[in-house]
Amino acid sequence: MSCDFMALATPGVQGLHPYEAGKPVEELERELGISNIIKLASNENPLGPSAMAMAAVESALSESTRYPDSNGFGLKRALRQYYGLAADQLTLGNGSNDVLELITRAFLNPDDEVVFSEYAFAVYPILTQACSAKAVITPARDYGHNLQAMAEAISDKTRLLFIANPNNPTGTALMREELVAFLDSVPQTVIVVLDEAYTEYVESADFPDGLELLPQYPNLIVTRTFSKAWGLAGLRVGFAAANPEITDLLNRVRQPFNVSHLALAAAEAVLSDHDYLKRSVDLNRDGMQQLEEGLKLQGLGFIPSYGNFVTVDVARPAQPVFEALLHEGVIVRPLAPYRMPQHLRISIGLPEENDRFLRALRQVLAC
Ligand SMILES: *Cc1c(COP(=O)(O)O)cnc(C)c1O
């Protein structure tokens, strides 16, 4: 008889449901035996990688026998120059997911409370549960963060609070004034994590830059990623910026070589490729307009989005629509895991991909 390994796991892990990622193109190819598939499911950059980043990866490849620089000196220097941050404010991660996990490992005890919103990024409940901490989920307002509800949810047991701005999967955003008023109301003993994975796409003048808020709020951690507008999702690199004391704590739980030398080289190079970011943002703006117009023509509602994706209300159970789209070779993201069973999230693609999605959707919904 084998041992009951479930009983050996921590209580948090026993209750854990793994993250459901966007379906890879190769998986759908294997399952349906079709080709010419497009994936608009993981908010990846449709532009393809920066040529400067790829050149840096190629020249770094021959260093593959060596461990990466554990301190990421070159990338931190580039981040210092680009964002005006100090090295002792920076924690590098294997994607920003990694730094989000470092934050929970550094700060959460079992039974501590973690506040986040309904419809917030699915990684927050997973990390909370993995630490056997308690998720306190506040109701959304217009699919976005209700900061008043979040402030009211803070108790003596609250240790962490997550805000994604813009939020994934809804694309909603908080503007500077309301965010600052909220941060003023949060006790300093509550660590506020401001997840800015999509910040580069936002063009509104009232949108806050979390990095600029760091000097006023010592309990603030801002996370950024190279996976979205910077186009390096496959290489896995992101960072946290926070005050030096918090940064020191995060680096205590960081694996020594958590970011590969290829990822370090690519991220450092792409920061000096200013044209790349501009092209990403331009492509996204045009693609968003294309999708919004196409959805309106089909009479479908959607949540106005500040990110590189749009969340559509298909006004019927979305899972069968998702599956029918798969048969058309179009991968999008069903949002039932977010308790949004009638919504699909579509990442902005190239113009021809957006067009193909819109045509496939029209056809599927007509059936
Ligand atoms: C995509 C995303 C991230 C970034 O994940 P990486 O690990 O950096 O690839 C972080 N937060 C949110 C809300 C996201 O949507």
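Residues numbered from 1 in each chain as written. Predicted model: local features only at pLDDT ≥ 70, side-chain atom pairs only at ≥ 80, totals over all residues. Heavy atoms only, no water.

As a structural note, the neighbourhood of the ligand is formed by Gly95, Ser96, Asn97, Phe121, Asn168, Asp195, Ala197, Tyr198, Thr225, Ser227, Lys228 and Arg236. Here Ser96 contributes a backbone N or O atom positioned 2.6 Å from an oxygen atom of the ligand. At 2.5 Å from an oxygen atom of the ligand is found a side-chain nitrogen or oxygen belonging to Thr225. In the complex, 94% of the free accessible area of the ligand, which totals 390 Å², lies under the protein chains. Partitioning the shell around the ligand into residue classes produces three nonpolar, six polar and three charged. (Near = heavy atom within 4 Å. Polar contact = N/O pair within 3.5 Å; in protein donor to acceptor, adjacent residues only side chain to side chain. Areas by Shrake-Rupley, 256 points an atom, 1.4 Å probe, with all protein chains shown as cover. Nonpolar A, V, L, I, M, F, W, Y, C, P; charged D, E, K, R; others polar.)

Attention now goes to the nonpolar core. Grouped together as the largest cluster of nonpolar side chains are 57 residues, with contacts concentrated most on Leu75, Leu79, Leu161, Ile163, Leu220, Phe226 and Phe239. Per-element accounting of this core gives the leading share, nine residues, to helix α12 (residues 261-271). Residues contacting Phe226, with those up to four places away along its chain left out, are Leu75, Leu79, Gly231, Leu232, Ala233, Val237, Gly238, Phe239, Ala267, Val270 and Leu271. One finds Phe107, Val114, Ala164 and Leu250 within the second-largest nonpolar core, a separate group that totals 30 residues. (Core = buried A, V, L, I, M, F, W, Y, C linked by side-chain atoms within 4.5 Å. Buried < 20%, exposed > 50% of the residue type's maximum accessible area, 1.4 Å probe, protein only. Helix = DSSP H or I, 4+ residues; strand = E, 2+ residues; numbered from the N terminus. Contact = heavy atoms within 4.5 Å.)

A few words now on the UniProt feature "modified residue: N6-(pyridoxal phosphate)lysine" (unreviewed entry) in the chain. Here the UniProt-annotated "modified residue: N6-(pyridoxal phosphate)lysine" (unreviewed entry) positions come out as Lys228. Within the secondary structure, Lys228 is located in the loop between β7 (220-225) and β8 (238-241). Discounting residues that sit within four places of it in the chain, Lys228 has contacts with Ser42, Asn43, Asn45, Ala197, Tyr198, Tyr201 and Asn308. (UniProt positions renumbered as here; feature names shortened; annotations may be inferred.)

Reading across from one edge, β2-β8-β7-β6-β5-β3-β4 is the order of the seven strands in this open sheet, with mixed pairing throughout. Pairing within the sheet leaves two strands with one partner each, and these edge strands are β2 (90-93) and β4 (134-138). On average, adjacent strands in this sheet sit at an angle of 20° to one another, irrespective of strand direction. Where β2 meets β8, four bridges bridge the pair, whose relative direction is antiparallel. Opposite Leu90, over in β8, you have Ala241 as the bridge partner. (Pairing = 2+ DSSP bridges. Axes fitted to C-alpha atoms, helices over the stretch in contact; angles between N-to-C directions.)

So, about the sheet that holds strand β10 (residues 309-313). Read across the sheet, four strands follow the order β9-β10-β13-β12 without closing on themselves; strand pairing throughout is antiparallel. Of all strands in the sheet, those with a lone pairing partner are β9 (301-303) and β12 (333-334), marking the two edges. Here β12 runs beside strand β13 (residues 343-347); their pairing, made up of two bridges, is antiparallel. What sits directly across from Arg333, in β13, is Arg345. Across the sheet, helix α13 (residues 274-297) is in contact with β9, β10 and β13; its angle to β10 comes to roughly 10°. The strands touched by helix α14 (residues 318-327) within the sheet are β12 and β13, with β13 carrying the most contacts at an inclination of about 40°.

In terms of burial, β7 is a largely internal element, six of the six residues being buried. Taken together, the four bridges between strand β6 (residues 191-195) and β7 define a ladder with parallel strand orientation. Residue pairing across strands places Asp195 opposite Thr223, the latter belonging to β7. As paired strands, β7 and β8 are joined by four bridges and run antiparallel to one another. Each residue of the ladder has a partner; that of Thr225, found in β8, is Gly238.

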